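Each chain is listed here by its residues.
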Amino acid sequence: MQHSPKRHAYLVAVSQKDEAVRVFAVLTTAPDEAQEAVARNVPPKTKLEIVGVLARGVTKRLRLKPREPLQV
C-alpha cells in the first residue's frame with residue numbers, strides 16, 4: 001500500500017517594489033508547489049521566497065487547506 005506524500009505548511013514571502021513584505025502559509029508537499037500556489041495570486045515579476053515552515057499544531061489551528069495560500 002502506497003502512502004500519499006506528507007504535506008507541510010510552507011511560509012512564502014512576497015516582495016514587491018515600494019510595498020511591505022507579505023507572508024503566506026501554504027499547505028503542500030513541496031516548496032516549489034507552495035511558491036506556485038502563491039504566484040497565481042500575485043502580479044508577475046513579484047519576488048517569492050520560502051522563508052520557513054509552520055509547526056503541525058499551528059497548521060491545524062489555522063485550518064489550512066491544500067494549495068490555498070493564507071496571508072499570515
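Scroll up for the structure.
These lines cover the structure that appears in this document, whether it is placed above or below. Quick caveat, the model's predicted, so the values are computed rather than measured.

Side note on the pairing of strand β1 (residues 8-15)
For β1, the tally of buried residues reaches six of eight residues, placing the bulk of the element in the interior. Sheet analysis places β1 next to strand β2 (residues 22-28), joined by seven bridges and oriented antiparallel. Paired with Val14 across the two strands is Arg22, which belongs to β2. Taken together, the six bridges between β1 and strand β3 (residues 47-53) define a ladder with antiparallel strand orientation. Residue pairing across strands places Leu11 opposite Gly52, the latter belonging to β3.

Re the sheet that holds β1
One open sheet holds the four strands; their spatial order is β3-β1-β2-β4, and the pairing between them is antiparallel. A strand with exactly one partner marks an edge of an open sheet, and here the two such strands are β3 and β4 (70-71). As judged from the two bridges shared by β2 and β4, these two strands associate in the antiparallel manner. The residue bridging Ala25 from the neighbouring strand is Leu70, located in β4. Each of β1, β2 and β3 is contacted by helix α1 (residues 31-39), which is oriented at about 130° to β3, the strand it contacts most.

Analysis parameters
- Every residue gets a number counted from 1 within its own chain, in the order that chain's sequence is written.
- Selection of residues for local features in this predicted model requires a pLDDT of at least 70, selection of side-chain atom pairs for listing and counting requires 80 or more, and totals for whole chains, interfaces and linings are taken over all residues.
- Calculated side-chain values reflect all of the structure's heavy atoms, with hydrogen atoms and water omitted.
- The classification of residues rests on relative accessible area computed with a 1.4 Å probe and restricted to protein chains. Under 20% of the type maximum is buried, over 50% is exposed, and intermediate values are partly exposed.
- Labels follow the DSSP assignment, with helices taken as runs of H or I lasting at least four residues and strands as runs of E lasting at least two, numbered in each case from the N terminus.
- Think of it this way: DSSP has to see at least two bridges between two strands before they count as a pair.
- Any pair of residues with heavy atoms lying within 4.5 Å of one another is described as a contacting pair.
- The angle between two axes is taken between their N-to-C directions and runs from 0 to 180 degrees, where each axis is a line fitted to C-alpha atoms and a helix contributes only its stretch in contact.

Honestly, it's all geometry; don't read function into it.
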